[in-house]
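One-letter residues, chain by chain:
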Amino acid sequence: MDMHIEDWDETFLSRYDPEVYFKNLQTAGFDGVMIYVQSHVGLCYWPTKTGVMHKAMRGREDQIRRVFDLCKEHGIPTILYYSVIFNNREYERHPD
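Residues numbered from 1 in each chain as written. Predicted model: local features only at pLDDT ≥ 70, side-chain atom pairs only at ≥ 80, totals over all residues. Heavy atoms only, no water.

Draft legend 1. Structural view of the packing of aromatic side chains. Taken as a whole and assessed by the stated rule, the structure comprises 3 aromatic pairs. Ring plane angle 50° and centroid distance 5.6 Å describe the contact between Tyr16 and Tyr21, whose orientation is recorded as tilted. Classification of Tyr21 by relative accessible area gives buried; the value is 9%. Plain terms: the ring middles of Tyr36 and Tyr81 are 4.7 Å apart, the flat faces sit at 50° to each other, and that makes the pair tilted. Of this pair, Tyr36 sits in strand 1 (residues 33–38) while Tyr81 sits in strand 4 (residues 78–82), placing them 45 residues apart in sequence. On the basis of relative accessibility, which here comes to 9%, the residue Tyr36 falls in the buried class. (Phe/Tyr/Trp six-rings, centres within 6.5 Å; stacked < 30°, edge-to-face > 60°. Buried < 20%, exposed > 50% of the residue type's maximum accessible area, 1.4 Å probe, protein only. Helix = DSSP H or I, 4+ residues; strand = E, 2+ residues; numbered from the N terminus.)

And the structure:
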């Protein structure tokens with residue numbers, strides 16, 4: 001499940017529910033999961049001191065951690081995806 005999601009519209013990710021997300025992973029039969037923590041748009045879905053947090057996750061900082069914990073509890077191998085090379089937000093700030 002891809003999460004290159006901007007936050008210019010306040011409805012984007014506003015209804016994100018880690019329990020439902022995890023249930024969908026189970027229903028689809030995933031045997032390994034990659035969870036986005038910063039996507040190509042340059043927004044973080046977890047607390048960060050160096051990046052920019054997605055507006056929908058502010059005040060709900062534990063949402064991505066909850067999915068990670070659910071995967072771990074159910075024995076699903078999980079990696080976290082932090083885009084280092086592609087970051088549109090930083091490119092717009094520093095096009096040079």
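So much for the structure itself; the text now carries on.
Draft legend 2. Representation of the pattern of salt bridges in the model. A complete count under the given rule lists 3 salt bridges for this structure. Across the pair Arg66 and Glu73 runs a salt bridge whose closest N-O atoms are separated by 3.7 Å. A relative accessible area of 30% means that Arg66 is categorised as partly exposed. Exposure remark for Glu73: the relative accessible area of 54% places this residue in the exposed category. Residues joined by salt bridges that share partners form a network here, namely Glu19, Arg66 and Glu73. (Salt bridge = Lys/Arg side-chain N within 4 Å of Asp/Glu carboxyl O.)

Draft legend 3. Expanded view of unusual backbone geometry. If you check the backbone angles, Leu13 has positive phi at about 65° while not being a glycine. Following the sequence through the fold, Leu13 ends up in the segment before helix 1 (18–28).

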